[in-house]
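# Structural description and commentary
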Number of protein chains: 2
Amino acid sequence: MEKINMGANVFIPMPVTLLGIKIGGKANFMALGWVSRLNASPPLIGAAINKYHYSSEGIRENETFSINIPSKDLIKETDYCGLVSGRETDKSEIFNVFYGKTGSAPMIEECPMSLECKLVEIYEMQSNELIIGEIVESYLGNKYIKDDAPDIEKIDPLFLTMPDNNYWTLGENAGKAWDVGKKLKLGDDDTEYV
Amino acid sequence: MEKINMGANVFIPMPVTLLGIKIGGKANFMALGWVSRLNASPPLIGAAINKYHYSSEGIRENETFSINIPSKDLIKETDYCGLVSGRETDKSEIFNVFYGKTGSAPMIEECPMSLECKLVEIYEMQSNELIIGEIVESYLGNKYIKDDAPDIEKIDPLFLTMPDNNYWTLGENAGKAWDVGKKLKLGDDDTEYV
């Protein structure tokens, strides 16, 4: 396959989440796609945000935050949270807010799933900082549970691609992880691997 | 909405990628879902892997790596790379491998998109380490380009959810980011925001 060089500033598909912090006594939410689990045990998660975001200031106030997973029907509210800064616009009334065990990480009632986190460290880079937090509890709407786990199809999450800047829904089930690869046949023989 | 506590070890939807490193003169690939862009400028990306992975050893050898985005039709090969360790199994022959400007970050010919990275730092945590790299170049198969950008529908990427351990395809276009939120109407008035 012929390969074309696309430069260095490229992106992988991202989950769409909302980062919640409390600042000046009010809840604030920003759209967040640069987010990943970082550590298995204890359960750490990282959010890479621009240093000049209002949330960067806010995270230092209470040292707690939340990661909320909006469903597709919250697409406008989610995108809005990425369009305006909490520095100029009060975003505390967009959603119904609830608090968990930390008492200071605002979470979104309307989101199917919310992760409550305590700040562990802020890793500084040039334009961004990685907010590293320990997940202390998670909250799932009771209708989004199947087999004691989150029902991702009901959660109906969004994904983001850049630089085309499109939101996407979750597609079809493509198979079981740590399983479909067992059927791989390499070379000419009929051996099942693993 | 009634909320159920789901504990701390929860996961957000993840992109499915393949981490490529060269170790002992051979290419090795592992399935990687804990991955995110970290910094805008310079373009940094992070991969959070278990410290005991063979790739953890490998990354230190050449201080380069790749992040490859497999399409759905590579699901078996991708999953296989997550099932077996390079310590016991030679995975260098699964794909056709090519190299870019670093000369030591193996990339996958069959993957629509590959990011070539130079190691910047390894951030140590308890069970995992975050491999932080600068993207130095990216390579896109010529049939996966639309409007000078990656054509994500043609790339046909996979996503992973845990703990149900399912792979998912990309769904439908749900709207434009930094745009659909402009139509949000808050409260009773008809004001368009932003």
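Quick caveat: nothing in here was measured; it's all calculated off a predicted structure.

Broken down by element type, chain A carries three helices and 15 strands. Taken along the three principal axes of its C-alpha coordinates, chain A extends 65 × 45 × 35 Å. Counting the 194 residues in chain A, one finds 59% classified as buried. For chain A, contacts bridging at least 24 residues in sequence account for 58% of all contacts bridging at least 6. For chain A, the exposed surface amounts to about 7,700 Å²; the carbon and sulfur share of it is 45%. One way to put it: in chain A the 19 positive side-chain charges average out to a point 2 Å from where the 30 negative ones average out.

Further remarks concern the sheet that holds strand 2 (residues 14-15) of chain B. Taken together, six strands build an open sheet; the order of strands is 2(A)-14(A)-15(A)-15(B)-14(B)-2(B) and the sheet is antiparallel. Of all strands in the sheet, those with a lone pairing partner are strand 2 (14-15) of chain A together with strand 2 of chain B, marking the two edges. As judged from the two bridges shared by strand 2 of chain A and strand 14 (residues 158-161) of chain A, these two strands associate in the antiparallel manner. Bridging across to strand 14 of chain A, A:Met14 finds its partner in A:Leu160. Sheet strands in contact with helix 2 (residues 75-83) of chain A are strand 14 and strand 15 (166-176) of chain A together with strand 15 (166-176) of chain B, and its direction is about 75 degrees off that of strand 15 of chain B. The strands touched by helix 2 (residues 75-83) of chain B within the sheet are strand 15 of chain A together with strand 14 (158-161) and strand 15 of chain B, with strand 15 of chain A carrying the most contacts at an inclination of about 75 degrees.

We now examine the pattern of salt bridges. Going through the model one piece at a time under the given rule, you end up with 18 salt bridges over all chains. With its nearest N and O atoms 4.0 Å apart, the salt bridge here joins A:Asp179 to A:Lys182. Its salt-bridge partner being B:Glu137, residue B:Lys101 comes within 4.0 Å of it at the nearest N-O pair. Pair noted here: B:Lys101 is in the loop between strand 8 (97-98) and strand 9 (107-108) and B:Glu137 is in strand 11 (residues 128-141), with a separation of 36 residues, a long-range link.

Time to look at helix 2 of chain A. Within helix 2 of chain A the residues assigned to the buried category are A:Ile75, A:Glu77, A:Thr78, A:Asp79, A:Tyr80 and A:Cys81. Looking at the buried side of helix 2 of chain A, the elements it contacts are strand 3 (17-23), strand 4 (26-32), strand 14 and strand 15 of chain A together with strand 15 of chain B.

When chain A is fitted to chain B, the residual RMSD is 0.0 Å, and the transformation amounts to a turn of 180 degrees plus an axial shift of 0.0 Å. These values place the two chain copies in the arrangement generated by a two-fold rotation axis. If distances are taken from each C-alpha of chain A to the rotation axis, the shortest is found for A:Gly171, at 1.8 Å. Taken together, the interface assignments show that 100% of the residues at the interface of chain A recur at the interface of chain B, consistent with an identical surface on both copies.

Parameters and conventions
- Residues numbered from 1 in each chain as written.
- Chains lettered and ligands numbered in written order.
- Predicted model: local features only at pLDDT ≥ 70, side-chain atom pairs only at ≥ 80, totals over all residues.
- Heavy atoms only, no water.
- Helix = DSSP H or I, 4+ residues; strand = E, 2+ residues; numbered from the N terminus.
- Buried < 20%, exposed > 50% of the residue type's maximum accessible area, 1.4 Å probe, protein only.
- Contact = heavy atoms within 4.5 Å.
- Areas by Shrake-Rupley, 256 points an atom, 1.4 Å probe, with all protein chains shown as cover.
- Lys, Arg positive; Asp, Glu negative; His and termini not counted.
- Charge placed at Lys NZ, Arg CZ, Asp CG, Glu CD.
- Pairing = 2+ DSSP bridges.
- Axes fitted to C-alpha atoms, helices over the stretch in contact; angles between N-to-C directions.
- Salt bridge = Lys/Arg side-chain N within 4 Å of Asp/Glu carboxyl O.
- Least-squares fit on C-alpha atoms with pLDDT ≥ 70 in both.

Function cannot be inferred from these measures alone, as they are strictly geometric.
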